[in-house]
Amino acid sequence: MDKNAKIYIAGHNGLIGSALARNLKAKGYLNLLTRTHAELDLTDQKATEAFFAAEKPDYVFLAAAKVGGIYANNTYRADFIRDNLTIQTNVIHEAHRNKVQRLIFLASSSIYPALSPQPIKEEYLLTGPLEPTTQPYALAKIAGIEMCWSYNRQYGAQYLAVIPTNLYGPGDNYDLNTSHVIPALIRKYHEAKVNGAPTVTVWGTGTSRREFIYSEDMAEACVFLMNLRDDDYSRLLWPAGTPLESTALGLAPLINIGVGEDITIRELAEMIGKVVGYSGRMEFDRTKPDGASRRLMDISRLSSLGFRSTLGLEEGLTRAYANFRATKC
């Protein structure tokens, strides 16, 4: 990307969108396009159309989405599928109409079957049933991947879907009703420490395994991919060599982004307790869902391109907790 190229970050106030904005600014990109939800509602087709027609971005990072943890996904199922389908449809179509050079679509590891072999390879998409608690959100993201693939095939677009493992970091959502596991546990442990509570309750059995990547590392990976040379980028869109061959083999334009290691929820909770400095006990609410038993991403495609996350989980949690204290306390 040229330093003066127009780069639109859809969802720049979110966890990954804000990390992308910081990353690009630090690298000297001078022409970032951002809009708050109040300034541009991406579920509004006419407003999205007018924005793209006026601004004509060269590149798009589609990080705008309705997101949340197990509780939010399972409770607001209609909201999750409706809003995400609408946002994706509007942005991807307007990117095509306004000749965006490249678009990176942020999907989710929930797109993969609940019982996928581990680690999860990109080709496991659509090979089995989804995890029921996140199915509406996952189906919306799968539709977004198919839109990217279809626009690539029909119109020669250059749209790539990236599949992040579980994200955490600065700007995370710490609402206990809608947050993901790391911000929820950071808040629970912090409040237990401040209030002198003897126990902290963790949802589920603690046996599920999850992989986590710091949002700043995720942003670095996205910018790395957007800046790939044409031949390397094209191989991600058409891994079999040509659109016809890739279509026949069912190889969608997607790539996993993760760290290649996972941890149990019990181990995660213990690590967060250590980072926060909480000395009480941990107990599990087994009436709450665990979600999928394991989600570990196969990152061999990304590694083969020369990228690998280097920030360890404990250091990332330490930074996340410092950000929580600075912004939420």
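Treat the numbers as computed from the prediction; the structure is a model and nothing was measured. (Residues numbered from 1 in each chain as written. Predicted model: local features only at pLDDT ≥ 70, side-chain atom pairs only at ≥ 80, totals over all residues. Heavy atoms only, no water.)

1. Overview of the layout of surface pockets
Here's step 1: Looking at the second largest pocket, its volume works out to about 240 Å³.
Here's step 2: Lining of the second largest pocket is provided by 13 residues; of these, Val259, Glu261, Leu311, Gly312 and Leu313 occupy positions nearest its centre.
Here's step 3: Of the residues contributing to the lining of the second largest pocket, the split by class is six nonpolar, three polar and four charged. (1 Å grid on protein atoms, 1.4 Å probe; cavity = no way out; pocket = protein on both sides within 12 Å on 5 of 7 lines; lining within 4 Å. Points joined across faces, edges and corners; volume = space filled by probe spheres on them. Nonpolar A, V, L, I, M, F, W, Y, C, P; charged D, E, K, R; others polar.)

2. Here we look at the sheet that holds strand β2 (residues 32–33)
Here's step 1: What the six strands build is an open sheet, ordered β2-β1-β3-β4-β5-β10; its pairing is parallel. The open sheet is flanked by β2 and β10 (254–257), the only strands paired with a single partner.
Here's step 2: Here strand β1 (residues 7–10) runs beside strand β3 (residues 59–62); their pairing, made up of four bridges, is parallel. Residue Tyr8 lies in a different strand from β3, and its bridge partner there is Val60.
Here's step 3: The sheet contacts of helix α5 (residues 135–155) involve β4 (102–106), β5 (159–164) and β10, and relative to β4 the element is tilted by about 165°. (Pairing = 2+ DSSP bridges. Helix = DSSP H or I, 4+ residues; strand = E, 2+ residues; numbered from the N terminus. Contact = heavy atoms within 4.5 Å. Axes fitted to C-alpha atoms, helices over the stretch in contact; angles between N-to-C directions.)

3. Quick look at the packing of aromatic side chains
Here's step 1: Within the structure shown, the criterion is met by twelve aromatic pairs.
Here's step 2: Here Phe80 and Tyr137 contribute two aromatic rings whose centre-to-centre distance is 6.0 Å and whose plane-to-plane angle is 85°, an arrangement assigned as edge-to-face. In this pair, Phe80 is assigned in helix α4 (residues 77–97) and Tyr137 in helix α5, connecting sequence segments 57 residues apart. Neither Phe80 nor Tyr137 differs from the other in exposure class; each is buried.
Here's step 3: Among the aromatic residues, those joined into a cluster by ring pairs are Tyr8, Phe51 and Phe52.
Here's step 4: The residue whose ring lies beneath Arg153 is Trp149, and the NZ or CZ to ring-centre distance is 4.1 Å. (Phe/Tyr/Trp six-rings, centres within 6.5 Å; stacked < 30°, edge-to-face > 60°. Buried < 20%, exposed > 50% of the residue type's maximum accessible area, 1.4 Å probe, protein only. Lys NZ or Arg CZ within 6 Å of the ring centre and 35° of its normal.)

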